[in-house]
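Coordinates in review
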Amino acid sequence: MDTPYSSPASRRRFLKTFGGSLAILPLVQVLGCSRGDPPPAAQAPRSADSPATGSTTPGADMPRLSEDDPAAKALGYRHSTADVDQNAFPRHQADQMCSNCSQYQGASGESWGGCSIFPGKLVNAGGWCNSWVRKA
Ligand code: SF4
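Note that the structure is predicted; figures quoted are calculated from it, not measured.

Another point: the nonpolar core. Leu65, Ala72, Tyr77, Cys98, Tyr104, Trp112, Cys115, Phe118, Leu122, Val123, Ala125 and Cys129 together form the largest nonpolar core, which totals 12 residues. Cys98 has contacts with Tyr77, Tyr104, Val123, Asn124, Ala125, Gly127 and Trp128, leaving out every residue within four places of it along the chain. Formed by five residues, the second largest nonpolar core is a distinct cluster that contains Val84, Cys101, Trp128 and Trp132.

Put into structure tokens, the structure is as follows:
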């Protein structure tokens, strides 16, 4: 089989045909990179903790948990700890509220925040449910 390197004659033919164009390739690359074109504009990285809404509080745009939500009802959730049905939830105490519960994810001073028991919903900082556990 006749390959470009099989004989001196064919090697010469190959180099004559393709050698010239191969030799100018590095030159084209250098010229292409040195024409003074500005590099593509860098895009600022989008932080995972800065939502598209511009809010500074993660999850602040979540809907509020309804007291009529079946899961909320089952756990006796109320927006205000003062409204808890003491007969139905006798372990409830007046000083227990979402803001001092270990499940609460809201920022200090915020009226509403996330709760790991009700993912995707906001609970009231002054609320309560039967899953309350004192924050350490
Ligand atoms: Fe509030 Fe804690 Fe119940 Fe969540 S688990 S609703 S933070 S009391």
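Additional details are given in the paragraphs that follow.
Quick look at the environment of Asn130 now. Here Asn130 is to be found in the segment after strand E2 (122-124). Of the residues examined, Asn130 reaches a relative accessible area of 28% and is grouped as partly exposed. Distance in space between the C-alpha atoms of Asn130 and Leu75 is 5.0 Å, their sequence separation being 55 residues. The residues contacting Asn130, other than those within four sequence positions of it, are Leu75, Phe89 and Arg91.

It is worth spelling out the side chain of Asn124 at this point. Considering the arrangement of structural elements, one finds Asn124 in strand E2. Its relative accessible area of 17% is what places Asn124 among the buried residues. One polar contact links the side chain of Asn124 to the main-chain amide nitrogen of Gly126, over a distance of 2.7 Å.

What follows concerns the site of the ligand. Taken together, 13 residues lie near the ligand, and Cys98, Cys101, Cys115, Ile117 and Cys129 sit nearest. Considering only residue class, the shell around the ligand consists of 11 nonpolar, two polar and no charged.

Cut-offs used in this document
- Residues numbered from 1 in each chain as written.
- Predicted model: local features only at pLDDT ≥ 70, side-chain atom pairs only at ≥ 80, totals over all residues.
- Heavy atoms only, no water.
- Core = buried A, V, L, I, M, F, W, Y, C linked by side-chain atoms within 4.5 Å.
- Buried < 20%, exposed > 50% of the residue type's maximum accessible area, 1.4 Å probe, protein only.
- Contact = heavy atoms within 4.5 Å.
- Helix = DSSP H or I, 4+ residues; strand = E, 2+ residues; numbered from the N terminus.
- Polar contact = N/O pair within 3.5 Å; in protein donor to acceptor, adjacent residues only side chain to side chain.
- Near = heavy atom within 4 Å.
- Nonpolar A, V, L, I, M, F, W, Y, C, P; charged D, E, K, R; others polar.

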